[in-house]
Amino acid sequence: MPVDDCVFCAIVRGEAEASVPYADDQVMAIMDIAPVTPGHLLVIPRVHAVGLDDLDEDIGAHIWRIGHRMARALRRSGLRCEGVNVFLADGAAAFQEIFHVHLHVFPRYEGDGFRIEATWATRERSLLDREAEAIRAVLPG
């Protein structure tokens, strides 16, 4: 997606509205316009990066640091918050809808309606070992 067509880039440039609980020179935290629960926010980098592969690791670490800080703030905010989910979708198959890296941080509480469903199954150790080796083989230095 060209940067000109990216809603998060427009927010960073001040060309689109956002409710901003936090901003610094690398990231912004903005309230999600379609929240899972009240208080749902997104931490976005100021630089355009489609996915994690495009994102500088130091900025990525800062996104998670600020996500941690926002989770703590949600718990202390007075908003209903019995727990917190932190979620990042990287790619369409992972349910990414806006192709500018963003970290979801949202309050959770009993009966909030949010669900993550999957078919959880234990894998054989030999398969896990082969998968670990495939990952290890492409790790940098």
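Predicted, not measured: the structure shown is a model, and the values here were computed from it. Just so you know, the residues in each chain are numbered from 1, in the order the chain's sequence is written. With the structure being a predicted model, the display of local features is reserved for residues of pLDDT at least 70 and the display and counting of side-chain atom pairs for 80 or more, all residues being used for whole-chain, interface and lining totals. The side-chain values count all of the structure's non-hydrogen atoms but skip hydrogen atoms and water molecules.

Only a pair of cysteine sulfur atoms within 2.5 Å qualifies as a disulfide here. Per the stated rule, a full pass over the model turns up zero disulfides. Looking at the unpaired C6, the closest cysteine sulfur is the one in C9, lying at 3.7 Å.

Three labels apply to residues, based on accessible area from a 1.4 Å probe with only protein chains included: buried if under 20% of the type maximum, exposed if over 50%, partly exposed otherwise in between. Comment: elements are numbered from the N terminus, with helices defined as DSSP H or I runs of at least four residues and strands as E runs of at least two. Of all six residues in strand 5 (residues 103–108), six are buried; the element is thus mostly enclosed. Here strand 5 shows two buried faces, one formed by L103, V105 and P107 and the other by H104, F106 and R108. Alignment of strand 3 (residues 41–45) against strand 5, held across three bridges, turns out to be antiparallel. Residue V43 lies in a different strand from strand 5, and its bridge partner there is L103. Two strands make a pair as long as DSSP finds a minimum of two bridges between them. Summarising the sheet, strand 4 (residues 83–87) and strand 5 pair through five bridges and their orientation is antiparallel. Of the residues in strand 5, the one forming a bridge with G83 is R108.

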